[in-house]
Amino acid sequence: AYKEFQIPPQPCAILAKSPWSLFWIAYTLHQQAAIYHLLDKEKKELDWLINSAIMFCNNHYKSGHYAFASAVSWEEFVERHKAKESALVWVDRLIRSGFNRQQLAAILQTSTAQPAANAYLIRRVWDCRNVEFDRVLLLNDVIGQSGIINDSYAKTVSHIYTGISRAKHELYLPESISEWLENI
């Protein structure tokens with residue numbers, strides 16, 4: 001179990017629940033010049049979501065992305081969701097520091113066209129049903145920032161089970177999930 005997140009030295013599947021976390025991982029791998037792969041549908045979702053977030057934050061223009069449908073402002077959106085979406089706080093800081101659409105495009109374009117043995121695979125937990133990987137790293141966002149189950153219990157257990165059962169040989173779990181599993 002890991003206490004502080006870090007990218008494993010060997011490529012693995014990195015599984016998250018949130019698109020904000022997927023983006024955070026893609027950004028981190030891009031900064032490290034690592035080889036990584038996002039599914040086309042994840043690239044499209046991240047392109048729409050993060051471009052919309054950039055516009056909403058910088059121009060106070062609310063785009064048509066469904067995530068912002070009930071938001072009055074970017075600040076209100078972040079405040080309302082930050083407890084459940086820890087990566088959103090990081091995205092907010094990144095955008096406020098000047099991150100732009102061209103940088104987003106570079107991250108998405110750097111993703112390999114096809115999965116490769118030497119690539120980190122960035123996936124949503126739910127999209128990995130019926131797929132196995134040699135090594136899996138499960139992000140803490142499956143449970144939530146505080147380590148407390150933040151969705152329905154059954155849904156969270158299903159995400160955790162799906163995530164951990166994808167690993168054929170090695171599994172990297174956040175300490176909070178490992179402790180939670182020991183206590184059930």
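Peer 1: I keep staring at the overall build of the chain and nothing clicks. Help me out?
Peer 2: Looking only at helices and strands, the chain features 7 helices and 5 strands. When the helices and strands of the chain are listed from N to C terminus, the series reads β-α-β-α-α-α-α-β-β-α-β-α. In terms of overall dimensions, the chain is globule-like: its C-alpha atoms have a radius of gyration of 16 Å, near the 16 Å expected for 184 residues. Projecting the C-alpha coordinates of the chain onto the three principal axes gives extents of approximately 45 × 35 × 25 Å. Among the 184 residues that make up the chain, the fraction classed as buried is 46%. Here the analysis covers contacts within the chain between residues at least 6 apart in sequence; of these, 72% occur between residues at least 24 apart. Roughly 9,500 Å² of accessible area belongs to the chain as shown, and the carbon and sulfur atoms make up 51% of that amount. For the chain, the distance from the average site of its 19 positive side-chain charges to the average site of its 19 negative ones is 5 Å.

Peer 1: What exactly am I supposed to notice about the sheet that holds strand β4 (residues 133-138) here?
Peer 2: Each strand in a sheet pairs with another by means of backbone hydrogen bonds, the pair being arranged parallel or else antiparallel. With respect to topology, 5 strands assemble into an open sheet ordered β2-β3-β1-β4-β5, the strand pairing being parallel. Of all strands in the sheet, those bounded by a partner on one side alone are β2 (36-38) and β5 (167-172). Strand-to-strand twist in this sheet, taken as the mean axis angle between neighbours without regard to direction, amounts to 25°. Where β2 lies against strand β3 (residues 120-124), 3 bridges are found, and the strand directions are parallel. Within the sheet, the bridge partner assigned to Y36 lies in β3 and is Y120.

Peer 1: Just checking my understanding: could you explain the packing of helix α1 (residues 19-31) against helix α4 (residues 86-96) for this structure?
Peer 2: Working note: a packed helix pair is described by the angle between its axes plus the distance between those axes. With their axes 8 Å apart at the nearest point, α1 and α4 run at an angle of 55° to one another. In this view, α1 runs oblique relative to α4, as classed from their interaxial angle. When you trace α1 past α4, the crossing you get is left-handed. Here W20, S21, F23, W24 and Y27 of α1 come into contact with α4, specifically with A87, L88, W90, V91 and L94. Its residues assigned to classes, the contact of α1 with α4 comprises 9 nonpolar, 1 polar and no charged.

Peer 1: Just to check I follow, could you spell out the side chain of S18 for this structure?
Peer 2: Inspection of the secondary structure puts S18 in the loop between β1 (13-16) and α1. Separated by 2.9 Å, the side chain of S18 and the backbone nitrogen of W20 make a polar contact. Discounting chain neighbours no more than four positions away, the residues touching S18 are E85 and D141.

Peer 1: I would appreciate a short explanation of the pattern of salt bridges in the present structure.
Peer 2: A side chain with one charge may pair with a side chain of the opposite charge, provided their charged atoms come close. Summed over all chains, the structure comprises 7 salt bridges. As a salt-bridge pair, K41 and D127 come within 3.1 Å of each other at their nearest N and O atoms. Of the two residues, K41 sits in helix α2 (residues 40-59) while D127 sits in the loop between β3 and β4, which places them 86 residues apart along the sequence. As a salt-bridge pair, D134 and K168 come within 3.7 Å of each other at their nearest N and O atoms.

Peer 1: Help me out: how do you make sense of the environment of E45 in this one?
Peer 2: Within the secondary structure layout, E45 lies in helix α2. Overall, the relative accessible area of 16% leaves E45 in the buried class. C-alpha of E45 to C-alpha of P19: the two residues are 26 residues apart in sequence and 7.9 Å apart in space. Setting aside residues up to four positions removed in sequence, E45 forms contacts with H65, Y66 and R124.

The rules behind the values
- Residues numbered from 1 in each chain as written.
- Predicted model: local features only at pLDDT ≥ 70, side-chain atom pairs only at ≥ 80, totals over all residues.
- Heavy atoms only, no water.
- Helix = DSSP H or I, 4+ residues; strand = E, 2+ residues; numbered from the N terminus.
- Rg over C-alpha atoms; globule rule 2.2 N^0.38 Å.
- Buried < 20%, exposed > 50% of the residue type's maximum accessible area, 1.4 Å probe, protein only.
- Contact = heavy atoms within 4.5 Å.
- Areas by Shrake-Rupley, 256 points an atom, 1.4 Å probe, with all protein chains shown as cover.
- Lys, Arg positive; Asp, Glu negative; His and termini not counted.
- Charge placed at Lys NZ, Arg CZ, Asp CG, Glu CD.
- Pairing = 2+ DSSP bridges.
- Axes fitted to C-alpha atoms, helices over the stretch in contact; angles between N-to-C directions.
- Parallel < 35°, antiparallel > 145°, perpendicular 65-115°, else oblique.
- Left-handed = near helix turned anticlockwise from the far one by under 90°.
- Nonpolar A, V, L, I, M, F, W, Y, C, P; charged D, E, K, R; others polar.
- Polar contact = N/O pair within 3.5 Å; in protein donor to acceptor, adjacent residues only side chain to side chain.
- Salt bridge = Lys/Arg side-chain N within 4 Å of Asp/Glu carboxyl O.

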